[in-house]
Amino acid sequence: MSNHEKTYLTKANFMLHGGDYNPDQWLDRPDILADDIKLMQLSHTNTFSVGIFAWAALEPEEGVYHFEWLDEIFNNIHSIGGRVILATPSGARPAWMSQKYPEVLRTNGARAKMLHGGRHNHCFTSPVYREKTQKINRLLAERYGNHPALLMWHISNEYGGECHCGYCQDAFRGWLKKKYNNDLKSLNDAWWGPFWSHTFTDWSQIESPSSIGESMVHGLNLDWRRFVTDQTIDFYENEIVPIRELTPEIPITTNFMADTHELIPFQALDYSKFAKHLDVISWDAYPAWHNDWESTADLAMRVGFIDDLYRCLKQQPFLLMESTPSMVNWHPVNKAKRPGMHKLASMQMVAHGSDSVLYFQWRKSRGSSEKFHGAVVDHDNSSENRVFQDVAEVGKTLEKLSDVVGTNRPADVAILYDWESNWALNDAQGYGLKTKRYPQTLVQHYRAFWEQDIPVDVITKEQDFSSYKLLMIPMLYLVSEETIARLKEFVAGGGTLVTTYISGIVNEHDLTYTGGWHKDLQEVFGINPVETDTYYPSDRNSVMYRNQSYELKDYATIIEVNGATVEATYEDDFYSGTPAVTRNEYQGGKAYYIGGRLEDQFQRDFYQGLINDLSLEPVFKVKHDKGVSVQVRQATESDYVFVMNFTEQKQPITIETPVEDLVTGREVSGVLTLEQYEVRILEKKK
Ligand code: GLA
Ligand code: ZN
């Protein structure tokens, strides 16, 4: 553990509850600021992220600084025993800056210079913007670095997007020169240059991908996306120079995101790289509860998947940095959380490893686009309404969960998520253009374990595989020789590996492997996948597995078997009767290949076999029906068990070992009934 991690865990030995506080929208309303302090206490909140978009209030004119208001906010929060997560303001900038220094504005892919407006739209290379952010960050660190209320740094806000200006083109070329050791030939080789005469003869000819220029060179696209991640991190590293220098003990985070509408991990930045630069992972979770396209349990499962991925980026607790106490303003339909859902959704985050429940935002704005976004304090300024009461109730519960802070969630099962592979797969002009759905496919495999309360780590490729009994790598389209070697080692060491159709197709340059599937994969899996058939949405096939037929859609890979055992066969089409699922014993381990995209029931039954073989078990056994989830956080002396009803019905559950209800303090065992959306938090002393 680094010093920063230690500081984080010891300073915050309580669950953080609170969220984004934007008092700079209310500076002419001292009455409101005074109400805030009273309402913070009434809502059982303790931590506030301040200054996220406050640059215009902090530096209204170039070089003219106003910190008095922020001093007062710090002191107010401190006076009630609260803590501050101090943000750097680079997520949005004052108009004077864009006007005086247009280079801070972004240029889009079509090479159009953007106007001032919106947010999250700076050039990440601009020397002026880098200088300005460092300057204001230094002043903030000097002024508040020793304030007793300061808990953590929140760098910028939701980094994302890209810039294609001249500075960024130069930086990209510099990045490429470094990557390819100044050797243009190796770049041309990696990018398959001769295709369409796309060989470069000078570095200056290279431009970032563009809708009015190049978009078909996949190696270029992939390198550009890598560069965007690296340049975002580089901008962030520039932001934190004065912060690390002046406040080395204060941990740093930045808020990660997910992609919506179908909730999946954020696609545009490779968070596995970014995570290495942070002390604490935090993310902003806005699931569309009560939507009309999926069950509550299915959505909960997808939230759990992202939690498990973000937690595993550092294998330590994370923070829920933003969530809404009621509704957002940007879903297609902004539905209120039904009674019980706020607590359930909040506790689910804690169950998967969050040490906080934080909201966007504390007080609803009066104007502009977020005036109808849910907040703790509504326009009525009341502590009596349903949402405020729900928040206070979550606060009271969190106050009883201090022992959970810092505890982790070990797992024997892992599933690998890879940003680069996803980028390359989405870029591939092949297969079904709309049916690739890599993140969603991973969730299909995660489901079998989530439904049985068996913890899963969602890991990235740099992480150690050896501590897991089972590793799933569905649709791992891009995989380097190095990763293949590590997968081989994992199986040789006794691990069980499962992969699927469209895996092991291209290397790290997005160049296909030649001469059949990679020879190490052929050896480990005992097969050679020879052809992948893509289906129209209405096409169906099926496979026969252990005397049962399972529906197949989207993809079917035809497999040549060289030593593996056939576990299932296709039932239709010109490859009817040929292998669809195979198993191979390789040295000490086993390697399974699933050739087609199969219905959920197949995953359930298939993984049940592995669950039995590998004796995989829930950490704490609760008998329940579908839609109830049990997640456990483990400490040395106790297991903290979260039993959550993600259904609209009452659910009977059975607890075999007596445990203590953390909230009521009473002993619990036997058959209980969970109400709709009810959550119970139990402590099992070891
Ligand atoms: C993001 C931003 C917040 C706010 C919320 C609204 O997460 O970080 O500033 O706009 O969305 O849901
Ligand atoms: Zn730029």
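Residues numbered from 1 in each chain as written. Chains lettered and ligands numbered in written order. Predicted model: local features only at pLDDT ≥ 70, side-chain atom pairs only at ≥ 80, totals over all residues. Heavy atoms only, no water.

## Let's talk about the site of ligand 1
- Taken together, Phe 53, Arg 119, Asn 157, Glu 158, Asp 284, Tyr 286, Glu 322, Trp 330, Phe 360, Glu 370 and His 373 form the complete shell of residues around ligand 1.
- Trp 330 has a polar side-chain atom sitting 2.7 Å from an oxygen atom of ligand 1.
- Within the side chain of Glu 370, a nitrogen or oxygen atom sits 2.3 Å from an oxygen atom of ligand 1.
- Taken together, the residues of the shell around ligand 1 break down into 4 nonpolar, 2 polar and 5 charged.
- Structurally, the shell around ligand 1 is a two-domain feature, drawing no fewer than three residues from each of domain 1 (51-253) and domain 2 (254-278 + 285-399). (Near = heavy atom within 4 Å. Polar contact = N/O pair within 3.5 Å; in protein donor to acceptor, adjacent residues only side chain to side chain. Nonpolar A, V, L, I, M, F, W, Y, C, P; charged D, E, K, R; others polar. Domains from an automatic or database assignment.)

## A short note on the coordination of the zinc ion (ligand 2)
- The coordination sphere of the zinc ion (ligand 2) contains the protein donors Cys 123 (SG), Cys 163 (SG), Cys 165 (SG) and Cys 168 (SG), at a distance range of 2.3 Å.
- For the zinc ion (ligand 2), the 4 donor atoms in the first shell make angles of 103 to 113° at the metal, so the coordination geometry reads as tetrahedral.
- Taken in sequence order, the residues that donate to the zinc ion (ligand 2) follow the motif C-x39-C-x1-C-x2-C. Here Cys 123, found in the loop between helix 5 (95-100) and helix 6 (127-144), pairs with Cys 163, found in the loop between strand 4 (150-154) and helix 7 (166-179); they are 40 residues apart in sequence, far enough to count as distant. Accessibility assignment for this pair places Cys 123 and Cys 163 in one class, buried. (Donors = N, O, S within 2.8 Å, 3.2 Å for Na, K, Ca; no water. Tetrahedral: all angles 85-135°; square planar, octahedral: opposite > 155°, others 65-115°. Helix = DSSP H or I, 4+ residues; strand = E, 2+ residues; numbered from the N terminus. Buried < 20%, exposed > 50% of the residue type's maximum accessible area, 1.4 Å probe, protein only.)

## Notes on the packing of aromatic side chains
- Counting across every chain of the model gives 50 aromatic pairs.
- Centroid distance Phe 195 to Trp 196: 4.5 Å. Interplanar angle 25°. Geometry classified as stacked.
- Given a relative accessible area of 37%, Phe 195 falls into the partly exposed group.
- Relative accessible area serves as the criterion here: at 54%, Trp 196 is assigned to the exposed category.
- Taken together, a centroid distance of 5.0 Å and an interplanar angle of 65° make the contact between Tyr 545 and Phe 602 edge-to-face. Of this pair, Tyr 545 sits in strand 17 (residues 541-545) while Phe 602 sits in helix 18 (residues 600-613), and the two are 57 residues apart along the sequence. Side by side, Tyr 545 and Phe 602 carry an identical accessibility label, which is buried.
- Above the face of the Tyr 129 ring, Arg 93 is positioned so that its terminal group lies 5.8 Å from the ring centre. (Phe/Tyr/Trp six-rings, centres within 6.5 Å; stacked < 30°, edge-to-face > 60°. Lys NZ or Arg CZ within 6 Å of the ring centre and 35° of its normal.)

## Quick look at the sheet that holds strand 1 (residues 16-21)
- What the 6 strands build is an open sheet, ordered 5-4-3-2-1-11; its pairing is parallel. The open sheet terminates on both sides in strands that have one partner only, identified here as strand 5 (252-253) and strand 11 (356-359).
- With 4 bridges joining them, strand 3 (residues 83-87) and strand 4 adopt parallel strand pairing. In the sheet register, Val 84 faces strand 4, and the bridge partner there is Leu 150. (Pairing = 2+ DSSP bridges.)

## Focus: the nonpolar core
- Core analysis: the largest hydrophobic core is formed by 196 residues, its most contacted members being Tyr 310 and Phe 449.
- Setting aside anything within four residues of it in sequence, one finds Phe 449 in contact with Val 413, Ile 454, Val 456, Leu 470, Met 472, Tyr 607, Ile 611 and Leu 616.
- Among the nonpolar cores identified, the runner-up in size contains 14 residues, and Val 628, Ile 653, Val 668 and Leu 682 belong to it. (Core = buried A, V, L, I, M, F, W, Y, C linked by side-chain atoms within 4.5 Å. Contact = heavy atoms within 4.5 Å.)

## Here's the deal with the domain arrangement of the protein chain
- Segmenting the protein chain into domains produces domain 1 (51-253), domain 2 (254-278 + 285-399), domain 3 (413-613) and domain 4 (628-685).
- For domain 2 versus domain 4, the separation of C-alpha centres amounts to 22 Å.
- Taken together, the contact between domain 2 and domain 4 spans 21 residues of the former and 13 residues of the latter.
- Carbon and sulfur atoms supply 70% of the area that domain 2 and domain 4 bury against each other, a total of about 1,300 Å² over both sides.
- For domain 2, the biggest contributors to the area lost against domain 4 are Thr 296, Leu 344 and Ala 351; these three give 38% of the whole.
- Along the contact surface separating domain 2 from domain 4 lie 1 salt bridge.
- The salt bridge involving Asp 355 is made with Arg 633; its shortest N-O contact spans 2.7 Å. (Buried area = accessible area lost by both parts, 1.4 Å probe. Salt bridge = Lys/Arg side-chain N within 4 Å of Asp/Glu carboxyl O.)

## Thoughts on the confidence of the model for the protein chain
- On average, residues of the protein chain score 96 in pLDDT, and 98% of them reach the 70 mark or higher.
- Scored below 50 in pLDDT, residues 1-7 makes 15 contacts in the model with residues more than four places away or belonging to other chains. (pLDDT = per-residue confidence, 0-100.)

## Structural notes on the packing of helix 7 against helix 9 (residues 218-246)
- Where helix 7 meets helix 9, the closest approach of the two axes is 10 Å, and the angle between their N-to-C directions is 105°. With respect to helix 9, the element helix 7 is oriented roughly perpendicular. Contact residues: Cys 168, Ala 171, Phe 172, Trp 175, Leu 176 and Lys 179 in helix 7; Leu 220, Asp 223, Trp 224, Arg 226, Phe 227, Asp 230 and Gln 231 in helix 9. (Axes fitted to C-alpha atoms, helices over the stretch in contact; angles between N-to-C directions. Parallel < 35°, antiparallel > 145°, perpendicular 65-115°, else oblique.)

## Here we look at the side chain of Thr 296
- You can see Thr 296 is positioned in helix 11 (residues 296-312).
- On the accessibility criterion, Thr 296 (8% relative accessible area) is buried.
- Look past the residues within four positions of Thr 296 in its chain and what remains in contact with it is Trp 289, Met 341, Phe 646, Glu 648 and Tyr 677.

## Topic: the sheet that holds strand 6 (residues 255-256)
- Taken together, 3 strands build an open sheet; the order of strands is 6-9-10 and the sheet is parallel. The sheet is open, and its two borders are formed by strand 6 and strand 10 (319-322), each paired with just one other strand.
- Here strand 9 (residues 282-284) pairs with strand 10 via 3 bridges, running parallel. Bridge pairing links Ser 282 to Leu 319 in strand 10.

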